[in-house]
Structures are given as structure tokens and as C-alpha cells.
Amino acid sequence: MTATPAASTRDRILDALERLLLERGLSQVTLEAVAAEAGVSKGGLLYHFRSKDALLAGMVRRLGERSDQQLAESGSSVAEWYLQTLDAGTTNELALFQSTIAALRSVDGQQGEVQQAVIDMMRSWDDGLRAEFADPVQAEIVRLVGDGLYLAALMGLPQPDPELHRKVVSRLLGREALE
């Protein structure tokens, strides 16, 4: 991800963190390296993020905000959005994919602020799904299928046949009788 000239310092720092996580992995990411990549001093970085954990948690929270924005712009229900096949070729999707990979790498078995940020993000999506379904089991099935679709897209695996995917979504959303 490339920060635009109008990007806030906070966003430039988070963009730099994502780039470094994707290029080098968590073990090679330091506050100094992120500051240098973002073009800010270490003090400037610490002004926005008090620690490496706060920085990583900030990246995860921004991912949640980006996802919420994409959901709002899609005009679809949470379930429809969660079950969509993903187009890694679009700029927004690519940015979200990269953020997701970086966020998942940042947890790497750690307990604390970063893991809590991931849990909070996932819980908000779970809450949205549960609000759409009277049956909590159905909401969980939709979440698990959506997670599988997303993971397959992240790993570059083949997407499902479009007609079969449409039928799966229709069945999961209780629309198959309408077709």
C-alpha cells in the first residue's frame, strides 16, 4: 500500500507497518524500521502508537474499519457480504487482502492488545451475522463458509464455480425456494 500525499501521519505509519510485515515478517519489524519506512522519527511514531503492540493493534483496528466501510458501500447484508467471492484484482480488495495477511501475521500466537483487537474485529462480524439470523447455528455456518472463502482467496486458491457459489449462498440464506 502506498500512502497518498494527503494521508495522515498515522495512516502513513500503518501503511509502512503493513509493507514491512508483508515483505519481512513480524520478527523483522521494529519501531525504528517502521518509522524509517514511514518517513517519521521514532518519537513521531511513539506519539501515535505507544508500543509495537499498540501499533499492530492499530493496524488490525484499521482493517476492521476498512471492512466495515466496504460492507456499507456494498449495500448488501452482512451475510451476503461475508459470503461473496473476492476479487483480488481490485485495488480495494487487494488492500484489504494485504491488511488481512499482515494482521494475521501480527498475532503469531501473541496474547495481549493485538490479539484482543483481532478478537474484537471478528466479534463485530459475528454480531452482525447473528443479528441477521434467528438461528445462531445458521449464523455460525455462514461465518465458517465465509471464512473459508476468504482464506482460499488469501492463499490464491481457485474460486468456486460462480453458479455453484450462487446456489450455496442461496441455500445458506434460505432463498433456495425462491429460485
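Here is what the cut-offs are and how they apply
Residues numbered from 1 in each chain as written. Predicted model: local features only at pLDDT ≥ 70, side-chain atom pairs only at ≥ 80, totals over all residues. Heavy atoms only, no water. Helix = DSSP H or I, 4+ residues; strand = E, 2+ residues; numbered from the N terminus. Buried < 20%, exposed > 50% of the residue type's maximum accessible area, 1.4 Å probe, protein only. Areas by Shrake-Rupley, 256 points an atom, 1.4 Å probe, with all protein chains shown as cover. Patch = residues over 30% accessible without salt bridge, like charges linked within 9 Å, V, L, I, M, F, W, Y side chains within 5 Å. Salt bridge = Lys/Arg side-chain N within 4 Å of Asp/Glu carboxyl O. Phe/Tyr/Trp six-rings, centres within 6.5 Å; stacked < 30°, edge-to-face > 60°. Axes fitted to C-alpha atoms, helices over the stretch in contact; angles between N-to-C directions. Parallel < 35°, antiparallel > 145°, perpendicular 65-115°, else oblique. Left-handed = near helix turned anticlockwise from the far one by under 90°. Contact = heavy atoms within 4.5 Å. Nonpolar A, V, L, I, M, F, W, Y, C, P; charged D, E, K, R; others polar. Core = buried A, V, L, I, M, F, W, Y, C linked by side-chain atoms within 4.5 Å.

So, the overall build of the chain
On a plain count of helices and strands, the chain comes out with nine helices and zero strands. In sequence order, the chain lays out its α and β elements as α-α-α-α-α-α-α-α-α. The buried share of the chain, taken over its 179 residues, is 40%. Carbon together with sulfur atoms contributes 55% to the accessible area of the chain, which is approximately 9,700 Å² in total.

Description of a nonpolar patch on the surface
A cluster of nonpolar side chains, L151, M155 and L157, forms an exposed patch at the surface whose accessible area comes to about 300 Å². With a relative accessible area of 56%, M155 lands in the exposed category.

Description of the packing of aromatic side chains
The final tally for this structure, using the stated rule, is three aromatic pairs. Summarising the aromatic geometry, the rings of W81 and W125 are spaced 6.1 Å apart at their centres and angled 65° between planes, so their arrangement reads as edge-to-face. Note that W81 is positioned in helix α5 (residues 78-82) and W125 in helix α7 (residues 113-132), a separation of 44 residues in sequence. The burial state of W81 is the same as that of W125; both residues are buried. Every member of this aromatic cluster is reached through a ring pair, and the members are W81, Y82 and W125.

Remarks on the packing of helix α4 (residues 52-74) against α7
Their axes nearest at 8 Å, the elements α4 and α7 cross at an angle of 15°. Considering their axes alone, α4 and α7 lie roughly parallel with respect to each other. Between α4 and α7 lies a crossing whose hand is right-handed. Touching D53, A54, L56, A57, V60, R61, L63, G64, S67 and D68 of α4 are E113, V114, A117, V118, M121 and W125, all from α7. Classifying every residue of the contact of α4 with α7 by side-chain character gives 10 nonpolar, two polar and four charged.

Examining helix α2 (residues 31-38)
For α2, the complete set of buried residues consists of L31, A33, V34, A35 and A38. Lining the buried residues of α2 we find α1 (9-24), α3 (42-48) and α4. At the exit of α2 stands G39, carrying a positive phi of roughly 75°.

A few points about the pattern of salt bridges
Per the stated rule, a full pass over the model turns up 15 salt bridges. The salt bridge involving D126 is made with R143; its shortest N-O contact spans 3.3 Å. Of this pair, D126 sits in helix α7 while R143 is found in helix α8 (residues 136-154), placing the two residues 17 residues apart along the sequence. Classification of R143 as buried rests on a relative accessible area of 15%.

Things to note about the nonpolar core
Core analysis: the biggest nonpolar cluster contains 44 residues, and V34 and L55 have the highest contact counts within it. At the level of secondary structure, the elements contributing two or more residues to this core comprise α1, α2, α4, α5, α6 (91-107), α7, α8 and α9 (162-172). No other element matches the eight residues that α4 contributes to this core. Not counting residues within four places of it along the chain, the set of residues in contact with V34 comprises I13, A16, L17, L20, V29, L45 and L55.

Points about the packing of α1 against α2
Direction vectors running N to C along α1 and α2 enclose 115°, while the axes themselves pass 8 Å from each other. Relative to α2, the crossing made by α1 is right-handed. Facing R12, I13, A16, L17, R19, L20 and R24 of α1, the residues of α2 in contact are A33, V34, E37 and A38. Looking at the contact of α1 with α2 residue by residue, the classes come out as seven nonpolar, no polar and four charged.

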